[in-house]
Amino acid sequence: MVITNYSESYLLNIPSDDLALPQKLSSLQKMKDAAEKNGESPFCSFSDTDMLMWYLYDSKNLDVSKDRMTRTTIEYRRELEQFLHNLLTYHEEMDIHFEQIIKGSLFKSLFPQDMRKYQSWLATKSPYVIKHGNYSPATLSRKTTILKSFFSFLYKENYIEQRLADGFKISSVQKDDRPNRDLGPKDVLALLHAFKEQQHIVMFTIVHVLTTTGIRNEEFCKLRVKDLCRDSILGGYYLKIDGKGNKKRNVPVIEKVVETIRMFRKARGLVPIEVADKDSPLFTTNRGKAFSVTYLSRYVKEEIKALPEGILSEEVTITPHVFRHAFAIISNMHGINLNDISRSLGHEDQKTTMIYLEKIFEKERHAIHRWKPEIFGEFI
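Residues numbered from 1 in each chain as written. Predicted model: local features only at pLDDT ≥ 70, side-chain atom pairs only at ≥ 80, totals over all residues. Heavy atoms only, no water.

Draft legend 1. Representation of the overall build of the protein chain. Looking only at helices and strands, the protein chain has 15 helices and 3 strands in total. Residue burial in the protein chain is summarised as follows: out of 380 residues, 43% are buried. When contacts within the protein chain are restricted to residue pairs at least 6 apart in sequence, long-range pairs at least 24 apart make up 61% of them. (Helix = DSSP H or I, 4+ residues; strand = E, 2+ residues; numbered from the N terminus. Buried < 20%, exposed > 50% of the residue type's maximum accessible area, 1.4 Å probe, protein only. Contact = heavy atoms within 4.5 Å.)

As structure tokens, then:
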């Protein structure tokens, strides 16, 4: 079969370092410009590798800071490379047959039905499923979204003739498929009290800051000293957040949280905010380095797991992101409207905020709460 001669080594030669990447992108831009000048399709000279690279790293904005965040790019690249590795290695298991490789391109040799077969194999027979069990609905939905986005790009740019994105089955996440991330004020207070009693200022600070600001994990990790600013108009402090999609917003920090930040820095042996290097991390690990998203998540899970049993009222898998949900839940309990909660979280779409609150809304808006006492008298 032709596919056996189609080396997968090309998947691994996409540069991503700061020096090689701009050079390669510049070379691709020249190829694209030459094709357009000759009245040809812009990507007629591109290979599959070139298209992968262009999709992942080409700057869509004059201001490159507004492009897809690095963490998202890494996730997309990993998913696309995994797709190609799986396809090259397990295509026979998927019942995908290549009679020929069209113009040296694997992407051009695929059909919509192949996407359906791949999706089915991934969910039921892939090595991960055999070893670890089924992917969560959220993970399958994310993987499908990334692949559909890439193949929609290839079709839009006339690199492929088949509408491969249409071959994927709908992969949506239902409310009950999502892990329990509902943490209310009682549980947050329990955690704060527990860490205060242990004099665990690091975890106390992480919980305190994430819950009261609602910022994302990566936003927390990227904070620098200069991002904690005095508010000359309203008084107090606020954080300058460089958020998802490079959307910027200002997040107020209440005075007690500022005091907590100061205690954290003192416990870590860091100089006070007023005299610190403005470009240095606001929060650091015990080695004096800024937190990474992966390390922050692992650290929080381990420290909370080490707490005595019974601290939390329900079984909730605690990650840093859970405290962002807690911000939304507690804000809703204070009667703050959905629009203001959504804007405070930096959500572009209120539907995302609704995901944080849907289980709470389901309970607090249940019909039982509107029953009149006189119907059942002493029994309600």
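Draft legend 2. Geometry of the nonpolar core. Grouped together as the largest cluster of nonpolar side chains are 47 residues, with contacts concentrated most on Leu183, Ile206, Phe220, Phe283, Ile304, Ile318 and Phe323. Elements supplying a minimum of two residues to this core: helix 7 (185–197), helix 8 (201–213), helix 9 (217–222), strand 2 (237–242), strand 3 (248–253), helix 10 (255–267), helix 11 (293–305) and helix 12 (320–333). Looking at this core element by element, the count peaks at 8 residues for helix 8. Residues within four places of isoleucine 318 in sequence aside, it is in contact with Leu183, Val300, Lys301, Ile304, Leu312 and Phe323. Of all hydrophobic cores here, the second largest spans 43 residues; its members include Leu56, Leu140, Leu154 and Ile160. (Core = buried A, V, L, I, M, F, W, Y, C linked by side-chain atoms within 4.5 Å.)

Draft legend 3. Expanded view of the sheet that holds strand 2. Taken in spatial order, the 3 strands line up as 1-2-3 in an open sheet, and their pairing is antiparallel. Edge positions in the sheet fall to strand 1 (228–230) and strand 3, since each has one partner strand and no second. Neighbouring strand axes in the sheet, compared pairwise and without regard to direction, differ in orientation by 35° on average. Examined bridge by bridge, strand 1 and strand 2 share 3 bridges and lie antiparallel to one another. (Pairing = 2+ DSSP bridges. Axes fitted to C-alpha atoms, helices over the stretch in contact; angles between N-to-C directions.)

Draft legend 4. Representation of the pairing of strand 2 in the model. Between the antiparallel neighbours strand 1 and strand 2 lie 6 residues, among them glycine 235 with a positive phi of about 85°. Note that strand 2 and strand 3 share 6 bridges and pair antiparallel. By the bridge assignment for strand 3, tyrosine 237 is matched with valine 253. Once strand 2 ends, the chain turns through 5 residues before running back antiparallel as strand 3, passing glycine 245 with a positive phi of about 70°.

Draft legend 5. Looking closely at the packing of aromatic side chains. In total, this model carries 21 aromatic pairs according to the counting rule given. Plain terms: the ring middles of phenylalanine 83 and tyrosine 118 are 4.7 Å apart, the flat faces sit at 75° to each other, and that makes the pair edge-to-face. With phenylalanine 83 in helix 3 (residues 70–90) and tyrosine 118 in helix 4 (residues 112–124), this residue pair connects regions lying 35 residues apart in the sequence. The pair formed by phenylalanine 83 and tyrosine 118 is uniform in burial state, with each residue classed as buried. (Phe/Tyr/Trp six-rings, centres within 6.5 Å; stacked < 30°, edge-to-face > 60°.)

Draft legend 6. Quick look at the pattern of salt bridges. If you walk through the whole model with that rule in mind, you get 14 salt bridges. In this structure, arginine 77 and glutamate 81 form a salt bridge, with 3.2 Å as the shortest nitrogen-oxygen distance. One end of the pair is arginine 77 and the other is glutamate 81, both in helix 3 and 4 residues apart, which spans about a single turn. What makes arginine 77 buried here is its relative accessible area of 14%. (Salt bridge = Lys/Arg side-chain N within 4 Å of Asp/Glu carboxyl O.)

Draft legend 7. Up close: helix 13 (residues 338–345). Every buried residue of helix 13 is listed here: Ile341, Ser342 and Leu345. Down the axis of helix 13, the buried side of the element spans an arc of 100°, and every buried residue falls inside it. Those residues of helix 13 hidden inside the fold are in contact with strand 3, helix 12 and helix 14 (350–364). With a side-chain oxygen positioned 3.1 Å from the backbone nitrogen of asparagine 339, the residue opening helix 13 is asparagine 337. (Arc of directions from axis to C-beta. Polar contact = N/O pair within 3.5 Å; in protein donor to acceptor, adjacent residues only side chain to side chain.)

Draft legend 8. Broad picture of unusual backbone geometry. Positioned with a positive phi, aspartate 95 is a non-glycine residue whose angle comes to about 65°. Structurally, the position occupied by aspartate 95 is in the loop between helix 3 and helix 4. Judged by relative accessible area, which is 40%, aspartate 95 ranks as partly exposed. A positive phi angle, near 60°, is found at asparagine 158, a position not held by glycine. For asparagine 158, the location among the structural elements is in the loop between helix 6 (137–156) and helix 7. Its relative accessible area of 59% is what places asparagine 158 among the exposed residues.

Draft legend 9. Geometry of the packing of helix 3 against helix 4. Contact geometry for helix 3 and helix 4: axes closest at 12 Å, N-to-C directions at 95°. On the basis of the axis angle, helix 3 is roughly perpendicular to helix 4. Touching Gln82, Phe83, Asn86 and Tyr90 of helix 3 are Met115, Tyr118, Trp121 and Leu122, all from helix 4. (Parallel < 35°, antiparallel > 145°, perpendicular 65-115°, else oblique.)

Draft legend 10. Summary view of the confidence of the model for the protein chain. Looking at the protein chain as a whole, the pLDDT averages 85, with 87% of positions reaching at least 70. Predicted confidence for residues 175–179 stays below pLDDT 50, and this span has 9 contacts to residues more than four positions away or in other chains. (pLDDT = per-residue confidence, 0-100.)

Draft legend 11. Local environment of the environment of tyrosine 159. Looking at where tyrosine 159 falls in the secondary structure, it is placed in the loop between helix 6 and helix 7. Each C-alpha atom, one on tyrosine 159 and one on serine 47, is 9.4 Å from the other, the two residues being 112 residues apart in sequence.

Draft legend 12. Here's a closer look at the environment of arginine 249. Structurally, the position occupied by arginine 249 is in strand 3. The spacing of arginine 249 and arginine 343 is 94 residues in sequence and 9.1 Å in space, taken between C-alpha atoms.

Draft legend 13. Structural detail: the side chain of histidine 347. Structurally, histidine 347 is set in the loop between helix 13 and helix 14. Judged by relative accessible area, which is 11%, histidine 347 ranks as buried. A distance of 3.5 Å separates the side chain of histidine 347 from the side chain of tyrosine 356, its partner in a polar contact. Ignoring any residue separated from it by four or fewer positions in sequence, one finds histidine 347 in contact with Arg216, Arg324, Ser342, Thr352, Thr353 and Tyr356.

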